[in-house]
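Overview (structure and organization)
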Amino acid sequence: MVVLAPMEASLWAAGLGAIAGAGAAVTYGIAGKSSRLFGPSVYRGNPGQRRIALTFDDGPSPSSLALLAYLQSESIQATFFQCGMNVERHPEIARAIAAAGHQIGNHTYSHPKFLFKSISFMAWEFERTQAAIEAATGIVPRYFRAPYGYRWFGIGAAQRKFNLMGVMWTVIGQDWRLPAQEIAQYVLDRASPGGIICLHDGRGVRPDPEIAPMLEALREIVPALKKQGYRFCTVDDLLRLA
Ligand SMILES: [Zn+2]
């Protein structure tokens, strides 16, 4: 058994604390919404402007069509971070979203976690998705969102190769796990000027995702925010107006 003198014990405890602190810092660097540790990234627009960007990840899927119709009925332009695999599966849905004037961003090809991945792997995920989106819609994305929000060493180089700015969020709606009422409440409690709200019109690269709770929540979120004087725009417009 090793017995530590009081001084040694306190140094040891301080060391452990430092390691734990560094761990938290690294975790924040990987997944923190305002982190730029690994590559250029934004997470909000101008807090002085009453604008919000709605963003939808993990599409396109057949479920995206109901979302598209709702956004059109509310005259809202949003941003869709799409997975290349889903775009190849449903190019006509990606095309319909683009044709309605929405912005399309890159959400990787297969929706992997980028932890411990190589630059070449990340670059391939970006490249194939840029190609899939361009082939389906004619749009070359300028923004990407990392699956699960995880960035990793070298992602900055992969971003530079495709001229992609990272986009995180001010609010992520927990819409993959909460019922509609709670999604709406969660988002409305956290919405703020210049905010970027992250919701989902898919589930990774699953073929038939269920997004009904998100759609039901959106029907509460949008009128409530409009009543509070918010206007909706794409991420591109939100950042240009910043
Ligand atoms: Zn995702």
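Within any chain, residue numbers begin from 1 and follow the written order of that chain's sequence. Totals for whole chains, interfaces and linings use all residues, but because this is a predicted model, local features are given only for residues with pLDDT of at least 70 and pairs of side-chain atoms are given and counted only at 80 or more. Hydrogen atoms and water are omitted, and side-chain values are computed over all heavy atoms in the structure.

1. Topic: the pattern of salt bridges
A pairing counts as a salt bridge when a side-chain nitrogen of Lys or Arg comes within 4 Å of a carboxyl oxygen of Asp or Glu. In total, this model carries 5 salt bridges according to the counting rule given. Residue arginine 128 is joined to glutamate 88 by a salt bridge in which the shortest nitrogen-to-oxygen separation is 3.1 Å. Remark: glutamate 88 occurs in helix H3 (residues 84–89) and arginine 128 occurs in helix H5 (residues 119–137); sequence separation between them is 40 residues. For arginine 128, a relative accessible area of 33% gives the class partly exposed. Partly exposed residues are those whose accessible area sits between 20% and 50% of the maximum for their type, while under 20% is buried and over 50% is exposed, using a 1.4 Å probe and protein chains only. Assessed through its relative accessible area of 38%, glutamate 88 is described here as partly exposed. Comment: elements are numbered from the N terminus, with helices defined as DSSP H or I runs of at least four residues and strands as E runs of at least two.

2. A closer look at the coordination of the zinc ion
Note on donors: an N, O or S atom is included if it sits within 2.8 Å of the metal, or within 3.2 Å for Na, K and Ca, and water is never included, so sites can look incomplete. Taken together, Asp58 (OD), His107 (NE2) and His111 (NE2) make up the full set of protein donors to the zinc ion, lying 2.0 to 2.1 Å away. One chain supplies every donor for the zinc ion, spaced along it as D-x48-H-x3-H. Taken as a pair, aspartate 58 in strand S2 (residues 51–59) and histidine 111 in the loop between strand S4 (103–106) and H5 lie far apart in primary sequence, 53 residues in all. Accessibility expressed as a relative area gives 5% for aspartate 58, which makes it buried.

3. Some details on the packing of H5 against helix H6 (residues 155–162)
Interaxial distance between H5 and H6 falls to 8 Å at its minimum, and their mutual angle equals 30°. Comparing the axis directions of H5 and H6 gives the class roughly parallel. Our pair here, H5 against H6, has a crossing hand that is right-handed. Touching Ile119, Met122, Ala123, Phe126, Glu127 and Gln130 of H5 are Ile155, Ala157, Ala158, Gln159 and Phe162, all from H6. Throughout, the ten residues Ala, Val, Leu, Ile, Met, Phe, Trp, Tyr, Cys and Pro are labelled nonpolar, Asp, Glu, Lys and Arg are labelled charged, and all others, Gly among them, are labelled polar. By residue class, the composition of the contact of H5 with H6 is 8 nonpolar, 2 polar and 1 charged. To get an axis, fit a line to the C-alpha atoms, keeping to the stretch in contact for a helix; angles then go from 0 to 180 degrees between the N-to-C directions. Angle categories are assigned with fixed cut-offs, so that under 35 degrees is roughly parallel, over 145 is roughly antiparallel, 65 to 115 is roughly perpendicular, and the rest are oblique. Take the far helix as your reference; a near helix turned counterclockwise from it by less than a right angle gives a left-handed crossing, and one turned clockwise gives a right-handed crossing. Working rule for contacts: check all heavy atoms of both residues, and any pair within 4.5 Å makes them a contact.

4. So, the packing of aromatic side chains
Within 6.5 Å between ring centres, the rings of Phe, Tyr and Trp (the latter by its six-membered ring) count as paired, and their orientation is classed by plane angle as stacked under 30 degrees, edge-to-face over 60, tilted in between. Here the structure, examined in full by the defined rule, presents 10 aromatic pairs. Taking 6.0 Å as the distance between ring centres and 85° as the angle between the ring planes, the aromatic pair formed by phenylalanine 114 and phenylalanine 126 counts as edge-to-face. In this pair, phenylalanine 114 is assigned in the loop between S4 and H5 and phenylalanine 126 in helix H5, connecting sequence segments 12 residues apart. Measuring from ring centre to ring centre gives 4.9 Å for tryptophan 152 and phenylalanine 153, while their planes differ by 80°; the resulting arrangement is edge-to-face. Judged by its relative accessible area of 12%, tryptophan 152 falls in the buried class. By relative accessible area, which is 53% here, phenylalanine 153 ends up exposed.

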